[in-house]
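Results of the structural survey
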Amino acid sequence: MIESFSLFAGWLIDGTGQPLRENMFIRVEQGLIHSVRRARQADMYAPDLVNCSHATVLPALLDAHVHLCMSGTTAEELRRKQLNFDFDMAGKMIRSHLMDHLTYGVVAIRDGGDYAAHALRYKHQKLAQDQLPIHLLAAGKGWRSRGRYGRLIGRPPQDGKSLAEAIAEQNIQADHVKIANSGVNSLTHFGKETPPQFHAGELTAAVRTARNKGLRTMVHANGKKPVRQALQAGCHSIEHGYFMGPDNLQWMADRQVYWVPTAYSMKVYADLPDNGSSRADVARKNLDHQLEQMAAARTLQVPIALGTDAGGLGINHGQALSEEIKLLMTAGYSLEWSIRAATWDAARLLGLDDELGVIKKGMPATFIVARGNPHCLMDSLCPPEQLYIRGTLWSGGDTRLT
Ligand SMILES: [Zn+2]
């Protein structure tokens, strides 16, 4: 059914970063936003009015970095089991994670890869029959160098092939390419950097090959050199980017390359109760340093798209995104710009900005209704009261959102 109705929003955050507006009237015609204007007294008597005068309305959210094939559980045994799931088991878990995303108002996600390409296979074999109204972009298996970090998310090129040759021959319907070009952050030595996984020329050829196939490249990179190489190679986004340094931030600002800082993953390590005090201390310092980099990114105007790394230890699908938004605010961004990083900017990075990310005339009426005023938005997003997708209230097949 194509929906038409009027909506009175107590507060509206439109996704562009502009200041929030109070008492707004939104007209939805056949699933599209027909008009957005300040409400008048008479609007309260519109016959098909959805009264959200008690709530904040904002675009539905996007998470630019997840791993659907894993849950956020901290139980090591369970995490080990999940790594050995066959497609049938993995598919059930992926479906449940997609439901989690929708429950938290997340309608588009970019998967950063898994060792068996389960998420990509799920997209092509199961998503349509499960009838979940979510945009799933998946890398399939990510790429790494032999003997280096990334076993959980991908594999090295085989049979003596270069990375570019391996990408060229990859005959699957992936939505983007994921490459790991550094290790992970140390929890024992603050600021310890790892060397790049690939030579500069190899990485450049790989990104060019992906581009020729019409694919964008997301690069896992921490540390100055791995990030610089990925940027010089022409990648579309830097994932994590811990300890990348001011020169790389400036490069990203100059060329408007996206950064997905995944700060919440480090906060999880800092807050883990059984992590040991020295590891927690290093995690806390790593987090503080990342927040300083995010503050610098704001000054330099580096585009940021929020991604959670959901599926990582302690990072729950759907729920984690509001934590990532909170950390962007901690780094000094306004509420409106923090929301923009999880809506319009994320939609642009994912190539979905003609469908998602902004509440304005002509766009699909895909938005969240969160109870209360914007000051309590971070709490009221967990989960939001309602999710509309193209003008239709999503009920999730159960009563959670109705
Ligand atoms: Zn990841």
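The written sequence of each chain sets the order in which its residues are numbered from 1. Selection of residues for local features in this predicted model requires a pLDDT of at least 70, selection of side-chain atom pairs for listing and counting requires 80 or more, and totals for whole chains, interfaces and linings are taken over all residues. With hydrogens and water set aside, each side-chain value is computed from the structure's full complement of heavy atoms.

1. Some points on the packing of aromatic side chains
Each pair of aromatic rings is reported with the distance of its centres and the angle of its planes. Two rings from Phe, Tyr or Trp (for Trp, the six-membered ring) form a pair when their centres are within 6.5 Å of each other. A pair whose planes differ by under 30 degrees is stacked, one over 60 is edge-to-face, and the rest are tilted. All chains considered together, the criterion is met by three aromatic pairs. Judged by centre distance (5.4 Å) and plane angle (35°), the ring pair of Phe5 and Tyr388 falls under tilted. Here the residue Phe5 occupies a position in strand β1 (residues 5–12), and Tyr388 occupies one in strand β15 (residues 386–389), the gap between them amounting to 383 residues. Grouping residues by exposure puts Phe5 and Tyr388 together as buried. Between the aromatic rings of Phe190 and Phe243, the centroid separation amounts to 5.5 Å while the plane-to-plane angle is 80°, which identifies the pairing as edge-to-face. Note that Phe190 is positioned in the loop between β10 (176–180) and α6 (200–212) and Phe243 in the loop between β12 (237–240) and α8 (246–255), a separation of 53 residues in sequence. In this structure Phe190 comes out as partly exposed when scored by relative accessible area, which is 41%. Three exposure classes are used, based on accessible area relative to the maximum for each residue type with a 1.4 Å probe and protein chains only: buried under 20%, partly exposed in between, and exposed over 50%. Given a relative accessible area of 7%, Phe243 falls into the buried group. Put simply, the rings of Phe5, Phe367 and Tyr388 touch in pairs and so form one group of aromatic residues. Taking the ring centre of Trp251 as reference, the NZ or CZ of Arg255 above it sits at 3.6 Å. Strands here are runs of E lasting at least two residues and helices are runs of H or I lasting at least four, both read from the DSSP assignment and numbered beginning at the N terminus. Consider the ring centre and the ring normal. A charge sits over the ring if Lys NZ or Arg CZ is within 6 Å of that centre and within 35 degrees of that normal.

2. Let's talk about empty space enclosed by the protein
Buriedness for pockets is judged along seven lines, at least five of which must meet protein on both sides within 12 Å for an open set on the 1 Å grid over protein atoms alone, while cavities are sets there where a 1.4 Å probe fits but cannot get out, and lining residues have an atom within 4 Å of a point. Grid points are joined across faces, edges and corners, and a volume is the space filled by probe spheres set on the points. For the structure on display, the rule yields one cavity of 30 Å³ or more. Each pocket or cavity is described by its volume, and for the largest cavity that value is around 40 Å³. Lining the largest cavity, in full, are Leu61, Tyr104, Val106, Gly318, Gln319, Leu321, Ser322 and Leu381. Grouping the constituent residues of the lining of the largest cavity by class yields five nonpolar, three polar and no charged. The residue classification treats Ala, Val, Leu, Ile, Met, Phe, Trp, Tyr, Cys and Pro as nonpolar and Asp, Glu, Lys and Arg as charged. All others, Gly included, are polar.

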